[in-house]
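Listed here are the chains, written in short residue letters.
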Amino acid sequence: MRALREAVEAGDLDAVEALLAEDVVFTSPVAFKPYPGKAITAAILRAVTRIFEDFRYERELAGADGRDHALVFRTRVGGRELTGCDFIHLDENGLIDELTVMVRPLSAAQALSEAMGAQFDRIVEEAERSGTR
C-alpha cells in the first residue's frame, strides 16, 4: 500500500486519514476490542505518531488480488525496540476498511500499551471533535 507508506513516511496525517474508509475497523495490538470508524482510527494513528521514535517501514507485501497488504515496520517506544506489521485490507473503492497492527516483543508491546493509555483521553477528544467515533 504505497500511498499509506508514503503518507506516513512524509508525516502527512491528513493524507493518511483520506485513505481511510468511513467504516474502517482498527484492531490494536494492545486493546481487546476493535475500534470502528474513521474518526477514532485517525485519532489513534495521530497518537501513534506522537509516541513512536525513529519509525520506518522496512518491507511491503501485497496479496494477489491487490486488496490485502502488509507493511513491516521498526520503531522505538519508551526506549524499547519494537518490530511490527500493519495488515491492511482495501474496500472496493481502494480505501482502507481494515487495519490490524501486530507488534513484538512483549516488553515493547507493554511500553506501547502504557504510552497509548496515557494518550487515550486525547485520542477520544480528537475523535469526538472530528466526527462520530
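One can find the structure itself at the top, above this paragraph.
Residues numbered from 1 in each chain as written. Predicted model: local features only at pLDDT ≥ 70, side-chain atom pairs only at ≥ 80, totals over all residues. Heavy atoms only, no water.

**Student:** Can you break down the overall build of the chain residue by residue, with the values?
**Tutor:** A count of helical and extended segments in the chain gives four helices and six strands. In the chain, the succession of helices and strands from N to C terminus is α-α-β-β-α-β-β-β-β-α. Relative to its length of 133 residues, the chain is compact, with a C-alpha radius of gyration of 14 Å against a globular reference of 14 Å. Viewed in the frame of its principal axes, the chain has a C-alpha envelope of about 40 × 35 × 30 Å. Scored against the burial criterion, the 133 residues of the chain give a buried share of 43%. Here the analysis covers contacts within the chain between residues at least 6 apart in sequence; of these, 47% occur between residues at least 24 apart. Across the chain, the 16 positively charged side chains and the 24 negatively charged ones have centroids separated by 6 Å. (Helix = DSSP H or I, 4+ residues; strand = E, 2+ residues; numbered from the N terminus. Rg over C-alpha atoms; globule rule 2.2 N^0.38 Å. Buried < 20%, exposed > 50% of the residue type's maximum accessible area, 1.4 Å probe, protein only. Contact = heavy atoms within 4.5 Å. Lys, Arg positive; Asp, Glu negative; His and termini not counted. Charge placed at Lys NZ, Arg CZ, Asp CG, Glu CD.)

**Student:** Could you give an account of the side chain of Thr 75, with specific residues and numbers?
**Tutor:** Within the secondary structure layout, Thr 75 lies in strand S4 (residues 68–77). A residue is classified by how much of its surface remains accessible, and Thr 75, at 1% relative accessible area, is buried. Within the structure, the side chain of Thr 75 is placed 2.8 Å from the backbone oxygen of Glu 53, a separation counted as a polar contact. (Polar contact = N/O pair within 3.5 Å; in protein donor to acceptor, adjacent residues only side chain to side chain.)

**Student:** Please provide a residue-by-residue account of helix H4 (residues 106–130), values included.
**Tutor:** Its maximal kink placed at Gln 119, H4 deviates by approximately 50°. Looking at the packing, one finds that the buried side of H4 touches helix H3 (38–51), S4, strand S5 (80–90) and strand S6 (96–104). (Bend = angle between axes of the 7 residues up to and from the residue.)

Function-wise, these values are silent; they only describe arrangement.
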